[in-house]
Amino acid sequence: MSAVLDEVQAAVDVRELEVGGAEGPLAARLYLGSGAGAPAKRDTLVVFFHGGGFVAGDLQEADEFLRYLAQCDTSRAVLASNYTLATVKPFPAAVEDAHAVVLWATKHKAKLGWSGKKLVVAGIEAGANLAAVCALMARDRAAPKLAGQILIMPMLDPGLSTCSMRQMNECPDREKVTNVCAEAYRGYLPHAADRAHPYASPLRSTRLKNLPPALILSAEDDPLCDEAEQYGAKLINAGVRTTVRRMPPAPLAEPGGRNDCACKVHALGEIATFLAALDR
């Protein structure tokens, strides 16, 4: 695995930079696939938000996955951004940061090596929540125009009410993950009234029309799988072009388990297919 990762690292140009958040600069990282045939400007920019349950996580968490994502297709650029963690400031600080970052990207295309043609938001776990909310905010605020949204094992239900979240099936690791989700939401949404806000809980939103096409990836044995698939069904019913896939089990007992699953299982192939379809 180390030799393979070394090859990927060599094929990707990684740049540290700062982007504009809602209340100031945020650390970010730009990934550009390199090598023969790599264009000067990429047609697709994927803006990615890391996981960590809103209370933890950083740019390093999904670094390996994003290197693979950029290396798979040199026609895309990948921008990973930090956001304000709930330990610093709770909701809506993180979602306002996320929306500010995608707006910042549209104003700094040259810096990102992006042509400006297609803008896609993406994230994993809590970051997937932010990506979904970015799509809602971009529609509601009429900017920026998004070509798609990629939600990888997303946290979408602060009520933790789905069957996959409530039924532990005698699995202690599953129960641990559920408890971590509950604790994360307590930190992110300390005010109970916020839990019904569509920008905190996209799954509860009653206005899902006119959103960009979505790819939603869930995983077997992940307590988040039901809410991911329920959100996909709601998007489809609202007329949003949506692809929902359930991947093999994620190694959730390990740190960064969801990132490892996304990197080593089927997520990269599903994302490639989804992005290619945006051209049609």
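Because the structure is a prediction, the values reported are computed rather than measured.

### Quick word on the overall build of the protein
What the protein contains, in helices and strands, is 10 helices and 8 strands. For the protein, the share of sequence-separated contacts (at least 6 apart) that also reach a separation of at least 24 residues comes to 76%. Working note: accessible area of the protein is about 11,700 Å², and carbon and sulfur atoms make up 51% of it.

### Here's the deal with the confidence of the model for the protein
When the pLDDT values of the protein are averaged, the result is 89; 87% of them are 70 or greater. The model gives residues 1–6 a pLDDT under 50, and that stretch makes 6 contacts with residues more than four places away or in other chains.

### Quick word on the environment of Ser-201
With respect to the helices and strands, Ser-201 occurs in the loop between helix H7 (172–188) and strand S7 (214–219). Remark: the alpha-carbon pair of Ser-201 and Leu-130, spanning 71 residues in sequence, is separated by 9.9 Å. When sequence neighbours within four positions are dropped, the list of residues in contact with Ser-201 reads Leu-156, Asp-157, Pro-158 and Arg-195.

### Describing the pattern of salt bridges
For the structure shown, the criterion picks out 13 salt bridges. When the shortest N-O distance is used, the salt bridge between Lys-89 and Glu-23 registers 2.8 Å. With Lys-89 in the loop between strand S4 (76–81) and helix H3 (93–107) and Glu-23 in the loop between strand S1 (12–20) and strand S2 (25–33), this pair connects stretches of sequence that are 66 residues apart. Relative accessible area serves as the criterion here: at 37%, Lys-89 is assigned to the partly exposed category. Between Asp-140 and Arg-207 there is a salt bridge, with its nearest N and O atoms 3.5 Å apart. Here Asp-140 is found in helix H5 (residues 126–140), whereas its partner Arg-207 is found in the loop between H7 and S7, with 67 residues between them in sequence.

The rules behind the values
- Residues numbered from 1 in each chain as written.
- Predicted model: local features only at pLDDT ≥ 70, side-chain atom pairs only at ≥ 80, totals over all residues.
- Heavy atoms only, no water.
- Helix = DSSP H or I, 4+ residues; strand = E, 2+ residues; numbered from the N terminus.
- Contact = heavy atoms within 4.5 Å.
- Areas by Shrake-Rupley, 256 points an atom, 1.4 Å probe, with all protein chains shown as cover.
- pLDDT = per-residue confidence, 0-100.
- Salt bridge = Lys/Arg side-chain N within 4 Å of Asp/Glu carboxyl O.
- Buried < 20%, exposed > 50% of the residue type's maximum accessible area, 1.4 Å probe, protein only.

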